[in-house]
Amino acid sequence: LAQVLVLGFSMLFFAARKISFRPKITELEWWMIGLTIMIGQVYIRNPAGVSVVGTDTVGGKAYVIYGVTLVSAFYLCWLVIDQKDVKRIFPLVFLGSIISLGVGILGKYVPIVGYMTGANFEATGSATEVQDTKSATRFVELALFGQKLSLFIASLKNPLRAALNPFWLLMIFISVGAVLYGGFRSGVMAVILTYVVGTWYRGGFASVLVGSVLGLGAIAVLAVANLVYPLPPNIQRSLTFLPGTWEQRYIDDAQGSTDWRVEIWIEVLTSDRWIKNKFFGDGLGFSKANLEYVKSIKNMHGTGISGFDLHRETILANGDYHSGPVSTIRVIGYVGLLFLLIFQIRLMVLTHRQILRCRGTEWYPLSLLIGIPIMWQPVFFHVFFGDFRSEA
């Protein structure tokens with residue numbers, strides 16, 4: 001919706017000669033065209049419509065969204081931007097993060113706000129249901145805020161030197177604390193990668209080495225503190241991928257989540273039930289049979305056709321695999337996965353060059369704000385967490 005609004009109003013501004021474009025085809029545009037061809041070939045083989053028109057493959061909405069996103073991408077590549085507008089990007093991104101966090105917190109305590117704004121909040125269960133107050137929960141908005149705050153810090157300062165200043169040290173603590181309490185191991189990993197990449201650009205390898213030693217020391221302090229006074233469940237679960245004194249229940253919970261996903265990936269990649277063409281993909285849509293199966297699962301009990309619980313059966317059918325490579329294989333196959341990987345690497349190279357061009361200028365913080373996530377995204381996407389649609 002945001003993209004449609006931006007494109008619509010921009011066309012009015014263009015007609016009034018308030019903005020201008022400079023169309024050109026660079027390497028970036030060619031990669032975008034190539035990815036579109038990869039998706040286009042799947043659509044030709046498996047044209048997707050919408051359920052109401054009775055097509056064999058549904059999910060045409062995803063192709064429409066991709067089309068709008070593609071137009072938006074070309075629009076942003078070709079738009080001629082004044083320096084005063086470029087300078088607004090940094091404060092506006094920060095403001096957006098604050099608003100997102102505020103809406104998320106408000107949505108947790110005022111459900112109607114959460115419903116109207118799409119904020120995430122936990123179901124409280126029935127009045128007679130006994131709640132486990134020591135179970136680990138998730139707080140998406142807080143985790144995302146912690147990631148954004150770490151990015152702002154790494155863009156503006158060398159995190160290692162910033163830690164010597166009381167204000168910036170407090171900001172670092174807030175960013176780490178927010179992502180830990182968010183309850184996502186992937187969020188913690190994103191913050192670690194952000195600080196590592198930011199430290200490398202600001203201080204080089206020596207700073208990264210010193211920062212790593214200090215980071216290990218901080219983890220050791222948390223492990224000792226957890227023995228004296230147990231940390232909140234969310235924080236312990238977030239840290240279970242690191243050695244420490246975390247309670248076994250949270251370690252088992254986190255490991256169970258990992259095993260749960262791995263079993264799904266094995267099922268998807270070793271059977272022909274969920275991906276018909278693993279070399280060139282099945283596209284952004286999914287078969288009408290899978291749609292009907294997902295609908296029927298709601299009224300089923302026990303296990304599904306793959307022998308998994310019904311929640312996992314739903315994930316198998318709708319393609320929400322929580323894996324960058326597996327979700328990519330589902331859409332554009334092994335060939336598309338290789339293409340996407342090369343695209344990501346080339347984007348890293350172009351981003352690195354742009355960051356170096358901006359070093360020593362007023363644009364350096366902005367180049368890091370945009371560039372740092374791009375530099376670690378391929379590792380995160382292929383190893384920790386990813387989804388093809390958002391990546392594309």
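On a predicted model such as this, the values are computed, not experimentally measured, just so you know. Residue positions are given per chain, counting from 1 as you read along its sequence in written order. Per-residue local features are limited, in this predicted model, to residues with pLDDT of at least 70; the limit for side-chain atom pairs, both in listing and counting, is 80 or more; totals at the level of whole chains, interfaces and linings are taken over all residues. To obtain the side-chain values, all non-hydrogen atoms of the structure were included, while hydrogens and water were left out.

Once that is clear, we can look at the layout of surface pockets. Once rolled over the atoms, a probe with the size of a water molecule shows which space is left empty. Lining residues are those with an atom within 4 Å of a point, where the points come from a 1 Å grid over the protein atoms alone and group into cavities, where a 1.4 Å probe fits but cannot get out, or pockets, open sets with protein on both sides within 12 Å along at least five of seven lines. Grid points are joined across faces, edges and corners, and a volume is the space filled by probe spheres set on the points. Here the second largest pocket is characterised by a volume of approximately 1,000 Å³. What lines the second largest pocket is a set of 31 residues, among which Val176, Gly211, Leu214, Gly215 and Ala218 lie closest to the centre. Secondary-structure elements contributing two or more residues to the lining of the second largest pocket are helix 8 (159-162), helix 9 (166-182) and helix 10 (185-228). Starting at the N terminus, helices and strands are each numbered in turn, a helix being any DSSP run of H or I of at least four residues and a strand any DSSP run of E of at least two. Looking at the lining of the second largest pocket element by element, the count peaks at 17 residues for helix 10.

This part is about the packing of helix 2 (residues 27-45) against helix 3 (residues 60-78). Interhelical geometry of helix 2 versus helix 3 gives an angle of 170 degrees and a closest axis separation of 11 Å. The pairing of helix 2 with helix 3 is recorded here as roughly antiparallel in orientation. Taking contact as the criterion, the partners of Leu28, Glu29, Met32, Ile33, Leu35, Thr36, Ile39, Val42 and Tyr43 in helix 2 are, on helix 3, Tyr63, Tyr66, Leu70, Ala73, Phe74, Cys77 and Trp78. Side-chain classes follow a simple rule in which Ala, Val, Leu, Ile, Met, Phe, Trp, Tyr, Cys and Pro form the nonpolar group, Asp, Glu, Lys and Arg form the charged group, and the remainder, Gly included, forms the polar group. Across the contact of helix 2 with helix 3, the residue classes tally to 14 nonpolar, 1 polar and 1 charged. Note on method: axes are straight lines fitted to C-alpha atoms, helices fitted across the in-contact stretch only, with angles between N-to-C directions ranging 0 to 180 degrees. Throughout this description, any angle smaller than 35 degrees is read as roughly parallel, any larger than 145 degrees as roughly antiparallel, any in the 65 to 115 degree range as roughly perpendicular, and the remainder as oblique. We call two residues contacting when some pair of their heavy atoms lies within 4.5 Å.

Quick look at the packing of aromatic side chains now. For Phe, Tyr and Trp, where Trp contributes only its six-membered ring, two rings pair if their centres lie within 6.5 Å, and the inter-plane angle classes them as stacked under 30 degrees, edge-to-face over 60, or tilted in between. Within this structure, the stated rule accounts for 14 aromatic pairs. Between Phe14 and Phe21, the ring centres sit 5.2 Å apart and the planes meet at 55 degrees, which makes this aromatic pair tilted. On the basis of relative accessibility, which here comes to 41%, the residue Phe14 falls in the partly exposed class. Buried residues are those whose accessible area, probed at 1.4 Å on protein chains only, stays under 20% of the maximum for their type, while exposed residues exceed 50% and partly exposed ones sit between those limits.

Before going further, it helps to spend a moment on helix 16 (residues 364-384). Helix length check: helix 16 (21 residues) gives 28 Å between terminal C-alpha atoms against 30 Å at 1.5 Å per residue, within 8%. What the bend at a residue measures is the angle between two axes, fitted to the seven residues ending there and to the seven starting there. If you look at helix 16, its biggest bend is around 45 degrees, right at Gln377, and the proline Pro378 turns up within four residues after that. Along helix 16, the residues that are buried comprise Tyr364, Leu366, Ser367, Leu368, Leu369, Gly371, Ile372, Met375, Trp376, Pro378, Phe380 and Phe381. Buried residues along helix 16 sit in contact with helix 4 (83-86), helix 5 (89-109), helix 7 (140-156), helix 10, helix 15 (324-358) and helix 17 (388-391). Here the expected length of a helix is defined as 1.5 Å per residue gap, with one fewer gap than residues.

Within the secondary structure, Ser10 is located in helix 1 (residues 2-15). Judged by relative accessible area, which is 5%, Ser10 ranks as buried. Here Ser10 is in contact with Ile19 and Tyr75, once residues within four sequence places are set aside.

Here we come to helix 2. Taking 1.5 Å of rise per residue, 19 residues should cover 27 Å, and helix 2 covers 28 Å from first to last C-alpha, within 8% of that figure. For helix 2, the set of buried residues is Glu29, Trp31, Met32, Gly34, Leu35, Met38, Ile39 and Val42. Buried-residue contacts for helix 2 involve helix 3, helix 15 and helix 17.

Right, let's talk about a nonpolar patch on the surface for a bit. The grouping of Ile105, Leu106, Tyr109, Val110, Ile112, Tyr115 and Met116 at the surface amounts to a nonpolar patch, some 810 Å² of accessible area in total. Of all the secondary-structure elements, those providing two or more residues to the nonpolar patch are helix 5 and helix 6 (111-117). Along the chain, Ile112 turns up in helix 6. Overall, the relative accessible area of 53% leaves Ile112 in the exposed class. Like-charged residues are merged into a patch within 9 Å and nonpolar side chains (Val, Leu, Ile, Met, Phe, Trp, Tyr) within 5 Å, provided each residue has over 30% relative accessible area and no salt bridge. Computed with a 1.4 Å probe, the accessible areas rest on the Shrake-Rupley method; for each residue, only the protein chains presented here act as cover. For this document, the term salt bridge refers to a Lys or Arg side-chain nitrogen within 4 Å of an Asp or Glu carboxyl oxygen.

With that settled, consider the pattern of salt bridges. If you walk through the whole model with that rule in mind, you get 7 salt bridges. Of the charged contacts, one joins Asp82 and Lys84 as a salt bridge, the two residues approaching to 4.0 Å between their closest N and O atoms. One salt bridge connects Asp85 with Lys84, and the closest N-O pair in it is separated by 3.7 Å. The class for Asp85 is partly exposed, based on a relative accessible area of 28%. One network of salt bridges, with partners in common, ties together Asp82, Lys84, Asp85 and Arg88.

In short, shape yes, function no, at least from these values alone.
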